[in-house]
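Tertiary structure, described
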Amino acid sequence: MATAKTVTPTISSEELFLEYAETKDIDIRNQLIERYLYIAEIAAKKFAGRGVDYEDLFQVASLALVKALERFEPERGIKFPSYATPSLIGEIKNYFRDSSRVMRLPRRDTEQLKKMNLYIQEYLAENAVKPSPKQIAERLDITVDRVLEVLEMKQADNIMSLDSALSVGENCSLGNVLGQEDESFERIENHDFIKYCMRLLNDTEKTIIEQRYVGNKTQKEVADSLNVSQMQISRMERKILAKLAKVYRK
């Protein structure tokens with residue numbers, strides 16, 4: 001007669017969370033991490049293809065998962081995926097901001113900003129609204145003024161890259177639609193300025209400038225064409241350039 005197999009009942013995640021909250025057993029924590037590692041995979045895939053390797057995003061999300069598990073309070077009756085997902089998304093966004101930040105904040109400010117973002121995400125997940133500055137101040141044990149100061153620093157993270165994709169098309173970036181300085185405008189301005197300057201010169205001065213800077217002739221060649229010495233051409237050229245420099249500075 002065959003002996004019947006004993007089937008070990010699967011322990012629910014809720015039971016594991018309660019047991020871990022009481023014992024802090026590492027083996028139980030590892031079981032929970034294995035069960036919910038898929039959340040980290042989903043979060044990492046959501047941000048893949050944006051200039052950061054998937055493996056790096058998955059590592060960030062996995063560490064955030066462990067932190068969320070340590071903070072999770074099962075007695076509140078909130079499902080762990082609903083509690084952890086905003087934290088994972090927030091950590092990945094922070095990673096992007098820290099990697100591409102143009103303005104580097106001091107370490108103390110960066111740490112407070114991270115704690116503040118984390119608390120805001122947790123509060124939002126539980127209450128569907130953002131906490132007030134006063135609530136944030138009480139949670140982080142800082143003044144309301146300090147909260148407002150740190151929140152202003154978040155603007156340093158809002159600088160948009162010229163490679164950022166726009167909603168108007170997946171292959172269209174911000175840099176593709178920004179206006180560029182048209183070189184033709186500068187050429188027109190220079191041309192008008194030169195015409196104005198030439199009207200200020202007499203015939204001999206015009207000839208010297210035209211031969212020297214349009215015809216690319218040497219001072220000796222210009223001197224020979226005007227039947228004067230090279231020294232005279234040199235002195236006249238310096239005076240002409242000094243006159244035009246004064247006009248330019250005006």
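Residues numbered from 1 in each chain as written. Predicted model: local features only at pLDDT ≥ 70, side-chain atom pairs only at ≥ 80, totals over all residues. Heavy atoms only, no water.

Bringing the pattern of salt bridges into the picture now. Where charged atoms of side chains with opposite charge meet at close range, the side chains can pair. Evaluated as defined, the whole model comprises ten salt bridges. As a salt-bridge pair, E122 and R139 come within 3.8 Å of each other at their nearest N and O atoms. In this pair, E122 is assigned in helix α5 (residues 107–127) and R139 in helix α6 (residues 133–140), connecting sequence segments 17 residues apart. With a closest N to O distance of 3.3 Å, K220 and D224 form a salt bridge. Taken together, the positions of K220 and D224, both in helix α11 (residues 219–226) and four residues apart, correspond to about one turn of that helix. Since its relative accessible area comes to 45%, D224 is described here as partly exposed. Sharing partners across several salt bridges, the network here consists of R71, E122 and R139. (Salt bridge = Lys/Arg side-chain N within 4 Å of Asp/Glu carboxyl O. Helix = DSSP H or I, 4+ residues; strand = E, 2+ residues; numbered from the N terminus. Buried < 20%, exposed > 50% of the residue type's maximum accessible area, 1.4 Å probe, protein only.)

Attention shifts here to the packing of helix α1 (residues 13–23) against helix α2 (residues 26–46). Where α1 meets α2, the axes come as close as 9 Å, and the angle between the chain directions of the two elements is 145°. Every pair of crossing elements has a handedness; the one defined by α1 and α2 is left-handed. Each of S13, L16, F17, E19, Y20 and T23 in α1 lies in contact with α2, whose residues at this interface are I28, R29, Q31, L32, R35 and Y36. Here the contact of α1 with α2 is composed, by residue class, of six nonpolar, three polar and three charged. (Axes fitted to C-alpha atoms, helices over the stretch in contact; angles between N-to-C directions. Left-handed = near helix turned anticlockwise from the far one by under 90°. Contact = heavy atoms within 4.5 Å. Nonpolar A, V, L, I, M, F, W, Y, C, P; charged D, E, K, R; others polar.)

A word on α11. For α11, the full list of buried residues reads Q219, V222 and A223. Seen along its axis, α11 keeps its buried residues to an arc of 100°; they face one direction. Count one or two residues on from α11 and you reach N227, which has phi positive near 60°. (Arc of directions from axis to C-beta.)

Further remarks concern a negative patch on the surface. Negative charge collects at one region of the surface, where E15, E19, E22, D25 and D27 lie side by side. Within the secondary structure layout, E19 lies in helix α1. (Patch = residues over 30% accessible without salt bridge, like charges linked within 9 Å, V, L, I, M, F, W, Y side chains within 5 Å. Areas by Shrake-Rupley, 256 points an atom, 1.4 Å probe, with all protein chains shown as cover. Lys, Arg positive; Asp, Glu negative; His and termini not counted. Charge placed at Lys NZ, Arg CZ, Asp CG, Glu CD.)

Let us now look at α1. Along α1, the positions that sit buried rather than exposed are S13, L16, F17 and Y20. Summarising the axial view, the buried residues of α1 lie within an arc of 100°, below the 170-degree limit, and thus occupy one face. Of the residues trailing α1, K24 is marked for its positive phi of about 55°.

Bringing the packing of aromatic side chains into the picture now. Throughout the structure, instances matching the rule amount to nine aromatic pairs. Each ring, one from Y54 and one from F58, has its centre 6.0 Å from the other, and the planes form 15°; the classification is stacked. Here Y54 and its partner F58 are both found in helix α3 (residues 54–71), four residues apart, which amounts to about one turn of the helix. Both rings, one in Y119 and one in Y123, keep their centres 5.9 Å apart while their planes meet at 55°; by these two values the pair is tilted. Highlighted residues: Y119 and Y123, both in helix α5, separated by four residues, approximately one helical turn. Each member of the pair Y119 and Y123 is classed as buried. An aromatic cluster is present here, built from F17, Y36, Y38, F72, F80 and Y83 joined pairwise through their rings. Sitting over the face of the ring of Y213, R212 holds its NZ or CZ atom 5.6 Å from the ring centroid. (Phe/Tyr/Trp six-rings, centres within 6.5 Å; stacked < 30°, edge-to-face > 60°. Lys NZ or Arg CZ within 6 Å of the ring centre and 35° of its normal.)

Shape is all these values report; function is a separate question.
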